[in-house]
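# Architecture and fold: a report
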Amino acid sequence: MDQGQGLRHVLSARTGDRDRARSAREAVDRLPGQWRGAPGRVHLGHGLRRGRIDRVHLPGHDVVAGRRDPDRHALGRGAGRARRHDGGRDRRHRNAPQPGGEEVMTVRVRIAPSPTGLVHVGNVRAALFNWMFARHHGGVFILRIDDTDIERSEQQYEDEIKAGFRWLGLDWDEGVDVGGAYGPYRQSDRMDRYRQVVDQLVESGHAYYDDRSTEELEALRQKAQHEKRHPNHYIRRPDREATSGVVRFSVPQDAAVEFDDVIRGNVRFEADVIDDFVIYRSNGTPTYHLASTTDDLDHAITHVIRGEDLLSSTPKHILLSRAIGGTEPLYAHLPLIMGPDGKPLSKRHGPTSLKEFRDRGFLPEAFRNYLSLLGWSLDGDQTVFTTEEAIAAFELSDVSKNPAVFDTTKLEWMNGEYIRALSESDFIERVRPHVESGLGRRLTEAEWAQFSQMAPLVQERSKFFSDAAEQVRFLFTDEVDYDEASWSKVMEKDGVVDVLRVSSEKLAGLEQFDHDAVEAALRSMLEALEIGARKGLQPLRVAITGSQVSPPLFESIAVLGRERSLARLSRCLDRLG
RNA sequence: GGCCCCGUCGUCCAGUGGUCUAGGACGCCGGCCUUUCAAGCCGGAAACGCCGGUUCGAACCCGGUCGGGGCUGCCA
C-alpha cells in the first residue's frame, strides 16, 4: 500500500470539512481587531461586571449561560457551527462596543500545574483545551506554576511538566521561562503579593485570624455532621479574636453564590454550605484558593478552564475575587478523565507521565488528536483531524459534561493511523532513536541501510515507534531467540526438516539474492515438496525471525542476506536433530 | 452524612421535540484478500439506567428514583 494513504485518504475525503474549518478560522480573523485579541491589548476593570458574569458576551466567543442561552443556536454545534460566521456577525452587531461602553478584552487562559508530582492526562487534557481555546480566539495561553505547597513542590517535577507540554506542542505565550507583562508566573515568587492581599482582606473585614486547634475545629465538624448539616456549617468566625494562626475568609451568609459555568450552565451554592476556608497558612504561605484567585485576577485571566474537581471550590474563588476586587473570570469546568476501571485518574492511578508516551513512541500530533476527543468532538463522524482543524472548530460550549475513560487501545489505533501517514523518510528519521534504544545499541550505517529497506513494511505494522524495534530485532542480532510458543507450534511438525533443507539448497544456488529471487526460490521449494505457502513458509519464518509473527518473509530473508539466512536455517536443522 | 456535577453501544463522541426501525469511531465477531501478523475491503452483534409527567408526538423538556463521580484539609 502506498505509505500513508490511509490518513491522506481520510483527509482528502474531508474537503468539505476543511472548507468549513477554514471559514470558521476566517470568521475569527474577520472579527474587529479589538476583539481578536492581539496580546498586550488587555484592558481591565470594565469587561465584566462584578456578580454579573452571566451577562457578559464576548463576540464570536462562546461565553456564557451554556445550554440555556437561546443564542446558543447561532453558535452551537453542527449546522449551527457551520453557520458560525453568520451567527458571529449577528452577535457582533448586538454586542458591538457602545461608545463609552464596555472595554476591550482579549482571551487570556492559563494552565497552572502544581509541581508536587507528575501531571496526569486529565491535566494534560485541560492544558490542551486551554491552549486550543486560546489559539481559536487568538488569545494568550499562560503557563503558571502553582507551587504554594512548599513542602512537596520539586523543581524536577516542574521541569518534567514543561518538557511534557513542549513535547505535546503546547507552546505558552506567557509564563515561566518565557516571561510576560504580568509576571512573575511562579507563585513562590509572589509571596509578597499574597501577604499584601491577606492584610488587605483582614483589614477590610473579609478575613480573620483563627487560632483554634484542630480538635476544636473537628468538634464543630462532628456537631454539624450529627445534625446532618454541611460538615463545615459551623466553621465560622469565632467570638474570640485572634492575631495569629491561620487566616480564614469570612463567607457572607446573606446570599447564595450563583454562576454560569460555560460548560455546565447555572450552578448555585447556598452560603451556609461554603465554609470559612483557610486562605493563609500559619507558616506564612497562601493556600491554593488565595494564590490561584489572586493570580487569576492579577494576570487578567478571562476564562478559568479546569477540571470538574474544582467546581465546588468555585464559589470560594468567586467570593474571594469580589473581596479582592478586579475582573472576575468566567469559569468552565471540564469533565474528569477516568482510568480503564472507571476510577478517576490521579497521580498514582493511570497514565501520569507524558514521558512514558513519548518514550514508547507516540506522536504528539496523534496524542493531541486523541486527547481532543475526550470530552469534545469536531463533529459527528470525523475522528482523525489535524490540530489546525480542531483549533478552528473548538468551542468551549461544545465540551461534554460527562466523564470520559482514557482508552489506550483507541489511542494506539490513532497513533498507528498517524504513523502510517508519515512519509517514508519521516518515519525512518523519527523511529531511529526508538529502534536504537530498543536494541540497546547504536546501529551502523550499513545496518541502517538494511533497516531502510524494511522500513515501509515495519511502518505499516507499527502502532507506536517502540514496537517497530521489536519487528526488526531479528535483523540486528546474531542469534535469534526462538519464541517458545512459535517453535512448538510450527517447528515440531512433520516435513519441517525437508522444508528447511530444500530451502537451504534453493537459496544457496541463487545468483541474485533479492526479494524476487528469494520468492522464486522458495516457491519452487513449495512446488517440489507439494506443500502450500501457508504451511511451507511458516517454519522458515520461525527459523529466520524466531517468531511465527514477523514482517513479510521474502523481504526479511533478502535483507538479512544469504550468509546469515543460511546459517539460521542450518542452526534449526541442527536443533531438530 | 451534607453540598455540587453527571447518566446514549464495552469505550469515546453525534443527537437540542417528529427526518431515530438512534449515526460515526475504537474494540469485538464473521467474511474477503493473503507467506504470518498487520493494513485494507465487506458484513454483523452492541446503547437512550428506571418510573412518572408535559405533548398529537420525547433520547431530547420537567419531576422523582437509582447509579457514578467530585468536594467536604493549614493538598491542589
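These figures come from a predicted structure and were not determined experimentally.

### What about the pattern of salt bridges?
Going through the model one piece at a time under the given rule, you end up with 40 salt bridges. The residue Arg190 makes a salt bridge to Asp295 at a minimum N-O spacing of 2.7 Å. Of this pair, Arg190 sits in the loop between strand E3 (174-175) and helix H9 (191-203) while Asp295 sits in helix H11 (residues 288-298), and the two are 105 residues apart along the sequence. With respect to burial, Arg190 and Asp295 carry one shared label: buried. A salt bridge links Arg473 to Glu470, with the nearest nitrogen and oxygen atoms 3.0 Å apart. One continuous salt-bridge network, built from bridges that share partners, spans Arg110, Arg144, Asp146, Arg190, Arg193, Asp295, Asp296 and Asp298.

### Here's the deal with the sheet that holds strand E8 (residues 278-280)
Pairing in this open sheet of 3 strands is antiparallel, and the strands run E4-E5-E8 from one edge to the other. Of all strands in the sheet, those with a lone pairing partner are strand E4 (207-210) and E8, marking the two edges. For this sheet, the mean inter-axis angle between neighbouring strands, taken without regard to orientation, is 45°. Pairing of strand E5 (residues 246-249) with E8 involves 2 bridges; the strand directions are antiparallel. Residue pairing for E8: Val247 is matched across the bridge by Tyr280.

### Some details on the packing of aromatic side chains
Scanning the entire structure with this criterion turns up 15 aromatic pairs. Considering the side-chain rings of Phe259 and Phe269, the 6.5 Å spacing of their centres and the 5° angle between planes classify their relative orientation as stacked. Of the two residues, Phe259 sits in strand E6 (residues 257-261) while Phe269 sits in strand E7 (residues 265-269), which places them 10 residues apart along the sequence. For the pair formed by Phe259 and Phe269, the shared burial category is buried. Ring geometry for Phe259 against Tyr331: centres 6.2 Å apart, planes inclined by 65°, an arrangement best described as edge-to-face. Taken together, the positions of Phe259 in strand E6 and Tyr331 in strand E10 (residues 330-334) put the pair 72 residues apart, joining distant regions of the chain. This pair shows no difference in class: Phe259 is buried, exactly as Tyr331 is. Through a chain of ring-to-ring contacts, the aromatic side chains of Trp167, Phe357, Phe362, Phe367, Tyr370, Phe406 and Phe464 assemble into a single cluster.

Rules used throughout
Residues numbered from 1 in each chain as written. Chains lettered and ligands numbered in written order. Predicted model: local features only at pLDDT ≥ 70, side-chain atom pairs only at ≥ 80, totals over all residues. Heavy atoms only, no water. Salt bridge = Lys/Arg side-chain N within 4 Å of Asp/Glu carboxyl O. Helix = DSSP H or I, 4+ residues; strand = E, 2+ residues; numbered from the N terminus. Buried < 20%, exposed > 50% of the residue type's maximum accessible area, 1.4 Å probe, protein only. Pairing = 2+ DSSP bridges. Axes fitted to C-alpha atoms, helices over the stretch in contact; angles between N-to-C directions. Phe/Tyr/Trp six-rings, centres within 6.5 Å; stacked < 30°, edge-to-face > 60°.

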